[in-house]
Amino acid sequence: ELKEEITRILTANNPHAPQNIVRYSFKERAYKPISHVDQMAIHFSLNGNMILKDSDEGRRQTIKLTTSEGSDLPFLSSEKAPSAVTPEEAEVKDEEGTGDAQVAEEEEAEGSGAAEAAEPAEAAEAEEPPPPAVKEQKLANQFNFIERASRTLNNPMQERACQSEPTPYRNFSGTANQWEIYDAYMEELQKVEESKEKEKSKAQTAQKEEEKKKGRKLTSLVSQSDDTTKISKAAKIVERIVNQNTFDDIAQDFKYFEDASDEYRDQQGTLLPLWKFQYDKTKSLAVTAISWNPKYKDLFAVGYGSYDFMKQGGGMLLLYTMKNPSFPEYVFSSDSGIMCLDFHNDHPYLIAVGLYDGNVAVYNLKKATSQFSYKSSAKSGKHTEPVWQVKWQKDDMDNNLNFFSVSSDGRIVSWTLIKNELVHTDVIKLSAEGTTLQGPEGLQLQMPGCGTSFDFHKKIDYLFLVGTEEGKIYKCSKNYSSQFLDVFEAHHMAVDSVSWNPYHLKVFISCSSDWTVKIWDHTIKTPMFVYDLNSAVGDVAWSPYSSTVFAAVTIDGKAHVFDLNINKYEALCTQLVVTKKKNKACHIQFNPVYPIVVVGDERGHIISLKLSPNLRKMPKVK
C-alpha cells in the first residue's frame, strides 16, 4: 500500500478564490470588477530554526561536526539530527537541486521554514555517533500522509419576530361569603315562586295560603323543590303505571277488543269510546286544534281558545299521551286563545301555533320554559285578525325552518325562523270578488277575502288550497302572489276545513257550516261527492290507512265515518260522541298508526274512540 502511487494533479488556481470582487475606482469614480485575484493559498506555515548549509553558520557547524564527531548537536535535537555531513556531500546535494532545499531557502529568507521535508526517521541516528566512512542512506518517508480539511460556509442565523398588541385585560376580584350565597338562593326561590304565581292565577283563598307558606321556614322549601326535581321522572313513570291500573279495562279494549257484531251489521260500524282527556283549567275553553306528534305516536297536542267573539280570554296548549289520560305531559298558557297548531315533521319538538290576536308563535318542547321560543309582534308583521291555520313547510334555500299561516285579514304569510326572531313574507293577499264598495268621491274600495283554512299538496310543493269565509276555495301557487290558479264556488258559508287526500293526488275534501262535506277533483270545477250531514260541520279528516275513508264531526255532537269504497251515498257510522246538551264537537283527527280517532268539543274535553273492524278495512292490493 505504501508503494502504490497516487497521482494528484495540482493546478495553480485556487478553487475557493472569489471570482467577482468589485472595488471602487477613485479614478473613474465607479465600482469596477478586479481582474487579478491572488491565487496563492498557504496551507501550513511554521517558524523553524533550520540553517542553510551554504551560509557561514552552516559551514561553521559542519566543520565543527567533523572535528568533534562524538558530540551531540543540541540545536538540531528537536527538529532534525542528520549524520555527519561533509562539505563535498553538501555540494552534491546542492547540485541535485532537491525541491526541499529550494523551498527551505525561500522560506528561510522569509523567516519561515516548510516542514514538508522533515524526516522523523533520522531522529534516532542523532544520538549515536555514526561510523565516519559509511555513506548516508536516504530512507523513504514511511508516513506519506497528507491531511486536508475544508470548512463549508455556514449561513448566518436570522431571527425574525413579530409582536402583537397585548390583549386588553382588567383585574377583577370579588369575595363571596355565606350570606351573599344565601341571599342569591333566596332571590332565586322568590323568582320561582313569582313565576308559579303568575302561571297559576289562583283564587284569593289560595293566594292567602301561599302567603302563609312563605312565612314558614324556607329551608323546607329548598329541600322540597330539590326533592321533586330529583324524583320527577320516577313520579311520571309511577303515575303512568297507576293510570294503567286504574283504566285497565280501557287499555285492554284499546289493545285487543274487536267488535264481533260487525259481521252481522251489513258493512256498518261503531266507535268504541276509550279514554277521556280533560284538565281543570280548560273547562271554560273550546278545543280549537288537535295534532298528532309525527315521532311519538301516542302523543298529541291540543290547542284551547274560544270561537265566541264576545268571550275572548287566555288560551292554552296541552300535550297529552294515551299512556296518561289523567294529566297532560306539557302545559303552556298564552295571553290570547290558541286557534291552530302544527308539529314539525322533522323536528317533532317544535310546535307552531296561531293565536286569536293575530300573532303566531313557536314552542320548543326541549326547553324547560313555559314561554314561546319565537313570537311575532306588531313590528314583525303580525296578522290583524285571528290566525285560523298554520302549516310547517320544507326548509328554505338557507336551511331555515319556515311555516305558513292564514288569517281573516286575507293575508297568507310565510314565517321564517332566523336566529331568535320570526321574519315574515306575504305570499298572497286574498280579495273577495264582486265586493268593491263605493267609497267617498267615487273611490273603488276592494274588500279583503277572509281565509279560514288551507292545506298544501302532499307532492306538488308549490300548490295549496285556501278556504274562505265567503265559501270559496282558491287554488293557489307559492310562486304567484297576485293570481289564483283556480277558484271553486264551494259552499254557501265559511269553509271550516280543506284537506288534500294523502293517497290520491288530485282529490281534496272540504267541509262547511252549510251542513255539507264535498269531495273534489282539483281539475274539475264541480264536486264529485256532496254529503249533507243535517248540521254544521266543524271538521273533516282523511284517514291515514285508506284513501277512501274519512271522518267528520258536526256541532250536534255526532261523528260520521265514511268509506267510499263500500258506500258512496251514506256514512257507515253516525254516532253521538258528545253527550251533553249545548256542547258542540269541534275537531276530529285520526291517529297515524292506531285505529283511533280523537274528538274535541267546546267544553275542553277530548275523547278517544276506537274504530270497529268495518270502519278500518284496508283497500285490496291490486
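All values reported here derive from a predicted model rather than from experimental measurement.

**A word on the overall build of the chain**
Thinking step 1. Summing up its helical and strand segments, the chain has 7 helices and 32 strands in all.
Thinking step 2. Burial analysis of the chain (622 residues in total) assigns 38% to the buried set.
Thinking step 3. If you take every contact in the chain between residues at least 6 apart in sequence, the share linking residues at least 24 apart comes to 47%.
Thinking step 4. When the accessible surface of the chain is summed, it comes to about 40900 Å², and 53% of that surface belongs to carbon and sulfur atoms.

**A look at the pairing of strand β10 (residues 360-364)**
Thinking step 1. Most of β10 sits inside the fold, with 5 of its 5 residues counted as buried.
Thinking step 2. The alternating pattern of β10 places V360, V362 and N364 and A361 and Y363 on opposite faces, both of which are buried.
Thinking step 3. In this sheet, β10 lies alongside strand β9 (residues 350-355) in antiparallel orientation, the contact comprising 5 bridges. Residue I351 lies in a different strand from β10, and its bridge partner there is Y363.
Thinking step 4. Inspection of the sheet shows β10 paired to strand β11 (residues 374-375) by 2 bridges, in the antiparallel sense. Within the sheet, the bridge partner assigned to A361 lies in β11 and is K375.

**As for a negative patch on the surface**
Thinking step 1. Where like charges cluster on the molecular surface, the negative patch consists of E180, D183, E187 and E188.
Thinking step 2. As for its placement among the helices and strands, E188 is situated in helix α4 (residues 178-199).

**Quick notes on the sheet that holds strand β26 (residues 537-542)**
Thinking step 1. Read from one edge to the other, the open sheet built from 4 strands follows the order β26-β27-β28-β29, with strand pairing classed as antiparallel. Of all strands in the sheet, those with a lone pairing partner are β26 and β29 (573-576), marking the two edges. For this sheet the average axis-to-axis angle between neighbouring strands, irrespective of direction, equals 15°.
Thinking step 2. Relative to β29, strand β28 (residues 558-563) runs antiparallel, the two sharing 4 bridges. Bridged to A559 within β29 is Q575.

**Points about the pairing of strand β19 (residues 463-468)**
Thinking step 1. Burial analysis of β19 places 6 of its 6 residues in the buried class, the great majority of the element.
Thinking step 2. The pairing of strand β18 (residues 451-456) with β19 spans 5 bridges and is antiparallel. Paired with G451 across the two strands is T468, which belongs to β19.
Thinking step 3. Between the end of β18 and the start of β19, which pair antiparallel, lie 6 residues.
Thinking step 4. Of the pairings in the sheet, the one linking β19 to strand β20 (residues 472-477) comprises 5 bridges and is antiparallel in character. From the neighbouring strand, G467 faces β20, where its bridge partner is I473.
Thinking step 5. Between the end of β19 and the start of β20, which pair antiparallel, lie 3 residues, with G471 showing a positive phi angle near 100°.

**What about the environment of K617?**
Thinking step 1. By the secondary structure assignment, K617 is in the segment after β32 (606-611).
Thinking step 2. By relative accessible area, which is 35% here, K617 ends up partly exposed.
Thinking step 3. Separated by 68 residues in the primary sequence, K617 and V549 have C-alpha atoms spaced 9.0 Å apart.
Thinking step 4. Not counting residues up to four positions away in its chain, the partners in contact with K617 are Q267, S546, D563 and I566.

**Topic: the UniProt feature "repeat: WD" (unreviewed entry) in the chain**
Thinking step 1. According to UniProt, the positions carrying the feature "repeat: WD" (unreviewed entry) are residues 488-521.
Thinking step 2. Helix and strand shares over residues 488-521 are 0% and 59% respectively, and the end C-alpha atoms of the span are 11 Å apart.

What counts as what
- Every residue gets a number counted from 1 within its own chain, in the order that chain's sequence is written.
- Since the coordinates come from a predicted model, pLDDT governs what is reported: local features require at least 70, and pairs of side-chain atoms require 80 or more to be given and counted, while whole-chain, interface and lining totals use all residues.
- Side-chain metrics rest on all non-hydrogen atoms present in the structure, leaving aside hydrogens and water.
- A run of H or I in DSSP becomes a helix once it reaches four residues, and a run of E becomes a strand once it reaches two; helices and strands are each numbered from the N terminus.
- Note on exposure labels: buried denotes an accessible area under 20% of the residue type's maximum, exposed denotes more than 50%, and partly exposed covers the range between, all computed with a 1.4 Å probe on protein chains only.
- Contact between two residues is taken to exist if any of their heavy atoms lie within 4.5 Å; hydrogens are not considered.
- The Shrake-Rupley method, run with a 1.4 Å probe, gives the accessible areas here. Residue values count only the displayed protein chains as cover.
- When DSSP locates at least two bridges between a pair of strands, those strands are taken to pair.
- Patches here are clusters of residues that have more than 30% relative accessible area and form no salt bridge, with a 9 Å joining cutoff for like charges and a 5 Å cutoff for nonpolar side chains (Val, Leu, Ile, Met, Phe, Trp, Tyr).
- Put simply, a salt bridge is a Lys or Arg side-chain nitrogen that is within 4 Å of an Asp or Glu carboxyl oxygen.
- Here Asp and Glu are counted as negative and Lys and Arg as positive; His is not counted, and neither are the chain ends.
- A charged residue contributes its charge at one atom only: NZ of Lys, CZ of Arg, CG of Asp or CD of Glu.
- Here an angle of 0 to 180 degrees is reported between the N-to-C directions of two axes, which are lines fitted to C-alpha atoms, with helices fitted over the stretch in contact.
- UniProt positions are given in the numbering used here, feature names are shortened, and annotations may be inferred rather than shown by experiment.

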